[in-house]
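For reference, the chains in residue letters:
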Amino acid sequence: MSELSKKQQIVSASDLLFYQRGYAATSFADIAEAVQISRGNFYYHFKSKDSILDAVISLRLANSHKLLRDWESCSLSAAERIGCFINRLLVKQTDIMRYGCPVATLNTELAKLNHPAKATASMLSTVFRTWLRRQFFLLGEKSSADLLAMHLLSRSQGAATIANTFGEQKLLQQEVQLMHDWLRTCIKLPAGNISTPSLASA
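Residues numbered from 1 in each chain as written. Predicted model: local features only at pLDDT ≥ 70, side-chain atom pairs only at ≥ 80, totals over all residues. Heavy atoms only, no water.

**Structural notes on helix α4 (residues 49-73)**
Its 25 residues place the ends of α4 36 Å apart at the C-alpha level, agreeing with the 36 Å of an ideal helix rising 1.5 Å per residue. Of the positions making up α4, those classed as buried are Lys49, Ile52, Leu53, Val56, Ile57, Arg60, Leu61, Ser64, Leu67, Leu68 and Trp71. (Helix = DSSP H or I, 4+ residues; strand = E, 2+ residues; numbered from the N terminus. Expected span 1.5 Å × (residues − 1). Buried < 20%, exposed > 50% of the residue type's maximum accessible area, 1.4 Å probe, protein only.)

**Topic: the nonpolar core**
Membership of the largest hydrophobic core comes to 59 residues, with the highest contact counts inside it found for Phe85, Phe136 and Leu152. The residues touching Phe136, leaving out its near neighbours within four places in the chain, are Ile82, Glu141, Ala145, Leu148, Ala149, Leu152, Trp182, Leu183, Cys186 and Ile187. (Core = buried A, V, L, I, M, F, W, Y, C linked by side-chain atoms within 4.5 Å. Contact = heavy atoms within 4.5 Å.)

**Overview of the packing of helix α5 (residues 78-91) against helix α11 (residues 169-186)**
Following both chains from N to C, one finds α5 and α11 inclined at 170°, their axes separated by 9 Å at the closest point. Regarding the angle of α5 to α11, the classification is roughly antiparallel. Every residue of α11 that contacts α5 at Ala79, Ile82, Gly83, Ile86, Asn87, Leu89 and Leu90 is listed here: Leu172, Gln173, Val176, Met179, His180 and Leu183. Considering only residue class, the contact of α5 with α11 consists of 9 nonpolar, 4 polar and no charged. (Axes fitted to C-alpha atoms, helices over the stretch in contact; angles between N-to-C directions. Parallel < 35°, antiparallel > 145°, perpendicular 65-115°, else oblique. Nonpolar A, V, L, I, M, F, W, Y, C, P; charged D, E, K, R; others polar.)

**Observations concerning the environment of Arg88**
Turning to its location among the elements, Arg88 is positioned in helix α5. Separated by 68 residues in sequence, Arg88 and Ser156 have C-alpha atoms that sit 9.3 Å apart.

**Focus: the packing of aromatic side chains**
Taken as a whole and judged by the stated rule, the model has 8 aromatic pairs. Centre to centre, the rings of Phe28 and Phe42 are 4.9 Å apart; their planes meet at 90°, and the pair counts as edge-to-face. Pair noted here: Phe28 is in helix α2 (residues 28-35) and Phe42 is in helix α3 (residues 39-45), with a separation of 14 residues, a long-range link. As far as the burial class goes, Phe28 and Phe42 line up, both buried. Aromatic side chains Phe42 and Tyr43 sit 6.1 Å apart centroid to centroid with 85° between the ring planes, which places their arrangement in the edge-to-face category. On the accessibility criterion, Phe42 (0% relative accessible area) is buried. Pairwise contacts between aromatic rings join Phe28, Phe42 and Tyr43 into one cluster. Note that Lys7 overlies the ring of Phe46, its terminal NZ or CZ placed 5.3 Å from the centroid. The ring centre of Phe137 lies 5.2 Å from the NZ or CZ of Lys142, which sits over that ring. (Phe/Tyr/Trp six-rings, centres within 6.5 Å; stacked < 30°, edge-to-face > 60°. Lys NZ or Arg CZ within 6 Å of the ring centre and 35° of its normal.)

**Comments concerning the packing of α5 against helix α10 (residues 145-166)**
Where α5 contacts α10, the two axes come as close as 9 Å, and the packing angle between them is 15°. Considered as vectors, α5 and α10 are oriented roughly parallel to each other. Relative to α10, the crossing made by α5 is right-handed. For the pair formed by α5 and α10, the contact residues are Ile82, Phe85, Ile86 and Leu89 on the first element and Leu152, Leu153, Ser156 and Ala160 on the second. Taken together, the residues that form the contact of α5 with α10 break down as 7 nonpolar, 1 polar and no charged. (Left-handed = near helix turned anticlockwise from the far one by under 90°.)

Okay, structure coming up:
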């Protein structure tokens, strides 16, 4: 196995552990065990947990950009692309119910720790804010595009957090429907769901 692929395995395993256990609660030993690598070989790739965190944030940013490019590459309207964003809560609901929102949990933990990486981690939300703003702008909401983007971003992350806190999956599903209703109303779409069948699981 190449050194690059082993390093990628470490980052992928760390990404999952940071999400499931939290950054502070995850040790070098936990990651080494997950990847089945000796401590010596582990330090060959990463000298500190902070350097792993930087790599994990970079991975999440890359995955977010890829997801958004995939939505952009399909023949969907801006409203349907926003619908894909909303439906991500349903796609990820099993993980959300167990561990919460991956973006919000990391940002909250790093803020509590006053970690130097918190500014970089905030880019995980900024990526979606910028993308949603562009979609609302394309829908003609030029003066309020950023306000609408921030409202939807706040509502989606809040819904994930509250559903996780109370352990109510039905609440998450209801919030998704309410967000679709809100989207349809605020951009004056006709009644009915915004169809995003081709990207529901993207």
